[in-house]
Amino acid sequence: MSKVTVVGAGNVGATTANVLVTTQVADEVVLIDIKEGVSEGKAMDIMQTANILGLQSRLTGVTNDYAMTENSDVVVITSGVPRKPGMTREELIGVNAGIVKSVTDNVLKHSPNAIIICVANPMDTMTYLIHKISGLPKNRIIGMGGALDSARFKYFLSIALQANATEVEGIVIGGHGDTTMIPLTRYAAYRGVPASEYLPAEQLAKVAADTMVGGATLTKLLGTSAWYAPGAASAQMVAAVLHDQKKLISCSALLDGEYGESDLCIGVPCIIGRNGIEKIVEFDLNDEEKALFHKSAEAVHKTNEALKAAL
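What counts as what
- Residues numbered from 1 in each chain as written.
- Predicted model: local features only at pLDDT ≥ 70, side-chain atom pairs only at ≥ 80, totals over all residues.
- Heavy atoms only, no water.
- Pairing = 2+ DSSP bridges.
- Helix = DSSP H or I, 4+ residues; strand = E, 2+ residues; numbered from the N terminus.
- Contact = heavy atoms within 4.5 Å.
- Expected span 1.5 Å × (residues − 1).
- Buried < 20%, exposed > 50% of the residue type's maximum accessible area, 1.4 Å probe, protein only.

1. Notes on the sheet that holds strand S10 (residues 189-190)
Moving on, step 1. Ordered in space as S7-S10-S11, the three strands form an open sheet in which the pairing is antiparallel. The open sheet is flanked by strand S7 (168-169) and strand S11 (193-194), the only strands paired with a single partner.
Moving on, step 2. Direction of pairing for S10 relative to S11: antiparallel, over a ladder of two bridges. The residue bridging Ala 189 from the neighbouring strand is Pro 194, located in S11.

Dropping the structure here:
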């Protein structure tokens, strides 16, 4: 029996739980929130589709009762304040650090062997915070951002190529921020053929630019952070862990010399399986990509310094 806890029953958390249940990734899902009735109501709504969709997974909503999360295999932390139009992810650091610290302490009391997936923003820095306060092995803490950024990259690539999105390949590395992420256009492909064979350089550059502001664009349109793709990306990572898929996914990992960086969490290609981050894959970056990555790392280090000041 596999068990997953999703902390935070807001748009992203509820969508994560919904995808986990409707795709039957886990046998049991617990959705927990601090606000009375919200997780219970959303869990009830989702489970009322069980007969219609033929679902076997079970979803339970609870308010602040972490005992109900006991023995979870994976914990997804989505709790925190979402972005509003005009806000950067970094502006959320003070309030969300306190929330993430409290949540981490609570979930590990009841599920000390869990893999933790961090979604809360600023995601790279919140993932780093979990490393610092939990003492867990680094393979068991994963930041979700790169999976979402890569999905957005592939979406914009598919539009530009007028192709089926499932036949497009693309990956984003670097920080999970509008100015720090790095869509690797050189590695983008359509059915194994480099995207540069189909698209001129200026069009590929536009795809990359649209990807980088993908979150901000949605926040402006919706008035708050997006949730469908973030929820699906979170569920994708849970599936990779529970089903030991050995899947290559860009995610925020603690680096110890990889890509020439240390003591920070930042988006890099990783093999995700039952043990969490089973391997960090080092792509052969060219000089321009290396420079962009190190610049991104500097920005993440700076945000981490703000975290230390906030704590």
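Text resumes after the structure shown.
2. Focus on the environment of Asp 105
Moving on, step 1. Structurally, the position occupied by Asp 105 is in helix H4 (residues 93-110).
Moving on, step 2. For the pair formed by Asp 105 and Ile 130, sequence separation is 25 residues and the distance between their alpha carbons is 9.3 Å.

3. Focus: unusual backbone geometry
A negative phi angle is the norm for most residues apart from glycine, just as the trans form is the norm for most peptide bonds.
Moving on, step 1. Omega for the bond connecting Asn 121 with Pro 122 falls within 30 degrees of zero, at -5°, which places this linkage in the cis form.
Moving on, step 2. Residues other than glycine seldom take positive phi values, yet Asn 71 does so here, at roughly 65°.
Moving on, step 3. Inspection of the secondary structure assignment puts Asn 71 in the loop between strand S3 (58-63) and strand S4 (74-77).

4. As for the environment of Cys 251
Moving on, step 1. Structurally, Cys 251 can be placed in strand S12 (residues 247-256).
Moving on, step 2. Taking the C-alpha atoms as reference, Cys 251 lies 4.5 Å from Gly 146; in sequence the two are 105 residues apart.
Moving on, step 3. When near neighbours in sequence (up to four residues on either side) are disregarded, Cys 251 contacts Ile 142, Gly 143, Gly 146, Met 237, Ile 266, Gly 267, Val 268, Cys 270, Ile 272 and Ile 277.

5. Focus: helix H9 (residues 228-242)
Moving on, step 1. Here H9 contains 15 residues, and its C-alpha end-to-end distance of 21 Å stays within 8% of the 21 Å for a straight helix at 1.5 Å per residue.
Moving on, step 2. Across the 15 residues of H9, eleven count as buried, placing the element largely inside the fold.

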